[in-house]
Structures are given as C-alpha cells and as structure tokens.
Amino acid sequence: MDRDFDKYNKIPSNFCILPFLHKAIDSNGDFKPCCVADPHKTSTGEVANINFIKFDDFVKSKEVSNFKQQFKDNQRSELCTNCWNVDDHGGESHRKRVMNFFMNKSWEDGNSDLYKKLESFFNDSATWEDVQTELDRVQEPWDLEIEPGTTCNFKCHFCGPYASSSWQSDQKILYGTSSEEVSKFTKMGLWALDSELWNSEVMFNAKKFHFMGGEPMLIDAHFKFLKKLSERPDAKQVIISYNTNASKLPPPSVLDGVYNKFRWTRVAFSIDAIGDKFHYQRYPGDWSTAESNIKTWVDAIPESIEAKIDPGWSILNLLYIGELFLWADNFKVTNNLTDKQFDFDGHYYFGPYYCPQTLTLEQKELFKKKMTADIEMLRSTLKDPRLLARAEITYSNMVEHMFAADKWSKAIEDKRNFRIKGLDKIRNQSLKDYEPELNEILRIYD
C-alpha cells in the first residue's frame, strides 16, 4: 500500500489529521496543534499555556473544537501558516508527510474503528462524512508531543532561552537582555519539573508519546511517569519516542526495565553534523559522547528500540550533508542494523537567522553546487540503499526549499553575522576554523 495524499483527491485538500488525534505542548508550556504550528488561543485571545490552564480542561475546550471544525470544513487555520507556505511552494510540508503516514496506516496497526472506516472510504464503501463522524468520536488525543520545559545542557547556535536554560548567559551578553527578561523564559519553562500534567488522565490514556527538548533526558518527572505508564494493562500497545541531543542516557533501570514494557521506543537523535562541527553547532556538545550514547541506545533492546538521525537542516549544515550521511552509513553497516533499527529523517529549519531561504541568490547557487557534489559522491559511496534514498530526498527537498522563497534582506544578513561573530567571541570559537567552506560563502571573516 502506497497512497500519496497529493495524488488522492477524495480527501479535502486542506485536511490534516493532527487536530483530531494529536496535541503538542511547547517548552514554555504553550498548547499547540503540532510542533510546527502556532500556539492555540483562549477565548480571550491569550495564548493557551499549561502554566495557567489544566491540560485536561484545554483539550475539551470550545477553542479546540472550533479548530477541528475548520479542517472538517476544508478551511486553512491561521495557526498552520508554516505548512501552508511549504504547500504553496510545492514542498513536502509536515501536514502532507503526516497525512501520507496516516493514509498508509503508519500511525498504528490500523485496527481501530477509525482505520476501519478509513479503509472503507478508500474502498468506496463509506463516505468522507462517515470518516468525519468517526473522527468526532475521538474525544481525547491519541498522540502527544511534549517538550518538557526549557531545562537543557546545550546552547545550540540556532536556539535561545525560550528552549534552553543554558542559553541565558549568552543571551545577556550577546543581546544585552536583562536578567529580569531572561528569567521570564526560565520561569515559564520550569513547568515540567513538577506539573499536574504527569497526573493527567487524558495524558495517561494516550497511545503515543513524543518527548522533545529542552532535553528530555534531564527531566526525572517524565521517567517516573513512564514507570507508571508501563504498568498499564495495555502498555504493549503504547509507543514512546524522543528527540534527544544524545548527551545523556536514561537511568539504567528505565533503559533496561521500562522501555521493554512498551510496544517500542523510537529515539531521534538531534545530530546536525559530526565531529567538531557538532560541537560548534550544538555547543558545548561532545561528539564522542554522542556517538557512544547512540550505540548504547541501539544495543539496549534490539527488538524494540528504533533509532534515527534527525537533523534540522539549516545554513549551518547543508554544506556538510555528505559527511553526515557517510557517518550514518558506516554506523549502520558496521553495527549490522536493519532499516527499522536505524533510519535517517530530518526537518526544515524556519528560524530567522539560519533558514537557507535567507541567503542571496549567489549564495544559494554556491550551496547547491556543494550539495550537488555531495549527493553525486554519496551515490557512488553509500552502501545502504535506504540511506541513499533518504539522501536523495534530502537533497531534492532542501534545494527546492532553498529556492522556493527569497527571504534575504540586509537586516537579516546583518543579524546573522552579528549572531555568529558574537557567539564565536563568547565561546572562544571561530566559524572560519570549524566550517571554513561556510565562512567562505557567508564572508563572516576574511
């Protein structure tokens, strides 16, 4: 079965399944439809946030019901601008990727009433209205994406205090942000350390949990929640997944005695580059530690651990696609891992400083030239067919994404240069030393 949402015109063109099955909580506690959407609003127009609203009350609110109705009516919600922009420029948006998963039963085994109804729809024995009726019966989200606060031990180049507590000192020095202002981020991001969420009935009943950062491996409360969750009678139907910076492992009692109680655990490693480039981009990360921890994860429970490399593609690492895929290929082949045990994904970076759409046309052409050389090298070098296929998709999507919009401006370029030089000075580093090819194109240093 290989259904393609773009080629299947029976489902309304603006539909997305996430509003019905999924909810996300941002690192500062904002409730969101998904990780790439804007936050939900309350009836008073304020951002809906777990620091002020109980999760169980929010998911049953009128605002969430109205949001779902927009998709049933084939309308475009203003919260989903990122996906609409990618869609309108011919890219593969998060929405389309999720819809392809959903249409091909990748969300779960497909034995629920919703999937049965969907299959009937595909076979022309049920209408789209029948599918919508089944969706209305899903009162609580099956799938939760949670960024448990801003507690983090990294201060990545493209991040900030809104997602990493470690960024506070650099934020003050680089931008002159006051301690009072920076502390606002800290206070909003402490919710996960001791939150009613961990006792939420809605959350406890979910089927799939994805924990992101900050850095989830630093949040002890979530390990306690997992231990309780593992005692559910249907724990073998539960899926756990992560994005982690690979700097820290779970406690041995969890790694060896809790994850094996679930159906499987997927671990996406936020690895954007290898070696010294990893240290530079995800400062102060240590590559040897990350590599060792990835090996520990894949060895822990071979039958139920799924690992993947999940870079955020940006100006900082697009010139080094080849290096990252070569490492992944060697790691997979050396450790004799299957496609299910070790995969490669990746996502767009939309931020204001390092989005490739903010490059000049001349710079984009230089990026494309280097990326083309990399993909040609990979075609003759990679041993694993799945990784080569992922490399081809990455190359195609990122070149298309880069040229899809012209977001360059002198103001953005100046801000990017200021940020790179400023962080280099604070951290006693230099882009010229760590990524000379990038420096040559951006002309940060002579």
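Notes on the structure in this doc start here. No experiment lies behind these values; they were computed from the predicted model shown.

### Considerations on the packing of aromatic side chains
Then, number 1: By the definition in use, this model includes 27 aromatic pairs.
Then, number 2: Residues Tyr280 and Tyr434 carry aromatic rings whose centres are separated by 5.1 Å and whose planes lie at 25 degrees to one another, so their mutual orientation is stacked. A residue pair is termed long-range when its members are at least 10 positions apart, and Tyr280 in helix H13 (residues 275–281) and Tyr434 in helix H19 (residues 431–434) qualify at 154 residues.
Then, number 3: You can call Tyr280 buried: its relative accessible area is 0%.
Then, number 4: According to the relative accessible area criterion, Tyr434 is partly exposed, its value standing at 21%.
Then, number 5: Every member of this aromatic cluster is reached through a ring pair, and the members are Trp198, Phe209, Phe211, Phe225, Tyr242, Tyr259 and Trp297.
Then, number 6: Looking at Arg232, its charged tip hangs above the ring of Phe204, at a distance of 5.8 Å from the centre.
Then, number 7: Directly above the aromatic system of Trp264 lies the positively charged group of Lys340, at a separation of 4.3 Å from the ring centroid.

### Describing the packing of helix H16 (residues 361–381) against helix H17 (residues 385–404)
A pair of packed helices is captured by two measures, namely the crossing angle of their axes and the spacing between those axes.
Then, number 1: At a closest axis distance of 11 Å, the pairing of H16 and H17 adopts a crossing angle of 170 degrees. If you check the angle between H16 and H17, you find them roughly antiparallel. Listed contacts from H17 to Leu361, Lys364, Glu365, Phe367, Lys368, Met371, Thr372, Ile375, Leu378 and Arg379 of H16 are Leu388, Ala391, Glu392, Tyr395, Met398, Val399, Met402 and Phe403.

Conventions we followed
- Residues numbered from 1 in each chain as written.
- Predicted model: local features only at pLDDT ≥ 70, side-chain atom pairs only at ≥ 80, totals over all residues.
- Heavy atoms only, no water.
- Phe/Tyr/Trp six-rings, centres within 6.5 Å; stacked < 30°, edge-to-face > 60°.
- Helix = DSSP H or I, 4+ residues; strand = E, 2+ residues; numbered from the N terminus.
- Buried < 20%, exposed > 50% of the residue type's maximum accessible area, 1.4 Å probe, protein only.
- Lys NZ or Arg CZ within 6 Å of the ring centre and 35° of its normal.
- Axes fitted to C-alpha atoms, helices over the stretch in contact; angles between N-to-C directions.
- Parallel < 35°, antiparallel > 145°, perpendicular 65-115°, else oblique.
- Contact = heavy atoms within 4.5 Å.

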